[in-house]
Amino acid sequence: MTTQFADLARRASEDGHISAEELLSLRQLGWGDGIIHRAEAEAIFAINNVVENPSAEWTDFFVEAIGEFVLNGTDPRLMCDEDEAKWLISQIDHDGKVDSMAELEAIVRIVERAQNVPDTLKHYALKQVENEVLTGTGPTRDGGELSDTHISAAECKILRRLIFASGGHGTAAVTRFDAEMLFRLKDATKDDANAPEWADLFVDGIANYLKGFHLAHAQISHERAKELEAFIADNKANVGRFMGRMAQSAPDVANNFGKVFGKKGSNSQFEERAAEGNIVTQNENAWLQGMVDADGELDALEQALIKRLSEEG
């Protein structure tokens, strides 16, 4: 972190205000070497903790800078490891809750952008949003407000983004952890005047869990991503020389290389997994019955869910 960046951060932390000029300077200095470093990220958090009436421009900068540090501060890019997840949670959870819309948006955006994030961060993000939906306290973005009397459109949008995020529990796949959270929210607000988006989110989410699927290797771990990057870096020249020799000595083989060494049967495997996922198993059916019977009644959303499942076969 440069001295200029540190001075700007200190002044902003002292007076609780960040001007447009100071924000521009922070942006220019922060990306001066193309990387947001941990000291800079922590200074940005310190400003966010004290800034009064943060502007939309500040929130955009905060979300972008924190996401850049967590996902691209170290290789491999677009990956968040356990240490980075613990650091992010410690910065946000210093007082036991998400304090600002900037912090909430940063978490959601990181999970959206990431190829994968640790379960600790996935669970933390969902629990924070669930708590804010149920209590009506805490920040939100996306042009709406939280409420403890109903589920708002803004809350639906945040929940949908998290549940179907690429870095979530499965790429665009809802898991049991997500589905049970949706049931808890449904039970807690079933008599409230919820936003129209809530019914669609609940039915979409539970149906996806019961009838969707995700490939076992759709998301690779942080460690495996590093191994693959190292392998590619070490073997890039060798692969190039191999292809060059093949083109010279056996052009017919080289021209059909993709057919010979391609992903044989990959489409059929995908289709088989999709067909399997479309079947509600005995265990999934037992889970659904248990969730529906928990409160002793079949409410409107549960009826809509059962209708969807019946129509889809």
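Residues numbered from 1 in each chain as written. Predicted model: local features only at pLDDT ≥ 70, side-chain atom pairs only at ≥ 80, totals over all residues. Heavy atoms only, no water.

A. The overall build of the protein chain, seen in detail. When its secondary structure is counted, the protein chain shows 16 helices and zero strands. Split into buried and exposed, the 313 residues of the protein chain put 40% on the buried side. In the protein chain, 71% of the contacts between residues at least 6 apart in sequence involve partners at least 24 apart. Element-wise, carbon and sulfur atoms account for 51% of the exposed surface of the protein chain, whose accessible area totals about 16700 Å². (Helix = DSSP H or I, 4+ residues; strand = E, 2+ residues; numbered from the N terminus. Buried < 20%, exposed > 50% of the residue type's maximum accessible area, 1.4 Å probe, protein only. Contact = heavy atoms within 4.5 Å. Areas by Shrake-Rupley, 256 points an atom, 1.4 Å probe, with all protein chains shown as cover.)

B. Molecular detail of the packing of aromatic side chains. For the structure shown, the criterion picks out ten aromatic pairs. Ring geometry for W31 versus F61: centroids 6.2 Å apart, planes at 70°, classification edge-to-face. Of this pair, W31 sits in the loop between helix 2 (20-30) and helix 3 (38-50) while F61 sits in helix 4 (residues 56-72), and the two are 30 residues apart along the sequence. Ring centres of W58 and F62 lie 6.4 Å apart, and the angle between their planes is 40°; on these two criteria the pair is classed as tilted. Of this pair, W58 and F62 both sit in helix 4, four residues apart, which is roughly one turn of the helix. The burial state of W58 is the same as that of F62; both residues are buried. An aromatic cluster of three or more residues is present, and its members are W31, F45, W58, F61, F62, F69 and W87. (Phe/Tyr/Trp six-rings, centres within 6.5 Å; stacked < 30°, edge-to-face > 60°.)

C. The pattern of salt bridges, seen in detail. Applying the stated rule across the entire model yields 17 salt bridges. Residue R161 pairs with E112 through a salt bridge whose shortest N-O separation is 2.9 Å. Here the residue R161 occupies a position in helix 8 (residues 153-163), and E112 occupies one in helix 6 (residues 101-113), the gap between them amounting to 49 residues. On the basis of relative accessible area, R161 is assigned to the buried category, the value being 14%. Under the relative-accessibility criterion, E112 is labelled partly exposed at 23%. (Salt bridge = Lys/Arg side-chain N within 4 Å of Asp/Glu carboxyl O.)

D. Structural context of the packing of helix 6 against helix 7 (residues 119-135). Taken N-terminus to C-terminus, the directions of helix 6 and helix 7 make an angle of 135°; their axes are 10 Å apart at the nearest point. It follows that helix 6 is oblique to helix 7 by the angle criterion. Remark: the crossing between helix 6 and helix 7 carries left-handed chirality. Within the contact between the two elements, helix 6 uses L104, I107 and I110 and helix 7 uses L121, Y124, A125, V129 and E132. Its residues placed into classes, the contact of helix 6 with helix 7 shows seven nonpolar, no polar and one charged. (Axes fitted to C-alpha atoms, helices over the stretch in contact; angles between N-to-C directions. Parallel < 35°, antiparallel > 145°, perpendicular 65-115°, else oblique. Left-handed = near helix turned anticlockwise from the far one by under 90°. Nonpolar A, V, L, I, M, F, W, Y, C, P; charged D, E, K, R; others polar.)

E. Quick peek at the nonpolar core. If you look at the biggest cluster of nonpolar residues, it comprises 73 residues, and the most contacted ones within it are W58, F62, I66, W198, F202, I206 and W287. The element contributing the most residues to this core is helix 4, with nine residues. If we ignore the near neighbours within four places in the chain, the residues touching F62 are I44, F45, N48, A102, E103 and A106. (Core = buried A, V, L, I, M, F, W, Y, C linked by side-chain atoms within 4.5 Å.)

F. Region of interest: the packing of helix 1 (residues 3-15) against helix 3. Axis separation between helix 1 and helix 3 bottoms out at 8 Å; the angle between their running directions is 15°. Our classification of the angle between helix 1 and helix 3 gives roughly parallel. The chirality of how helix 1 crosses helix 3 is left-handed. Only E40, A43, I44, A46, I47 and V50 of helix 3 make contact with helix 1, whose side of the interface consists of F5, A9, A12 and S13. Among the residues forming the contact of helix 1 with helix 3, the class breakdown is eight nonpolar, one polar and one charged.

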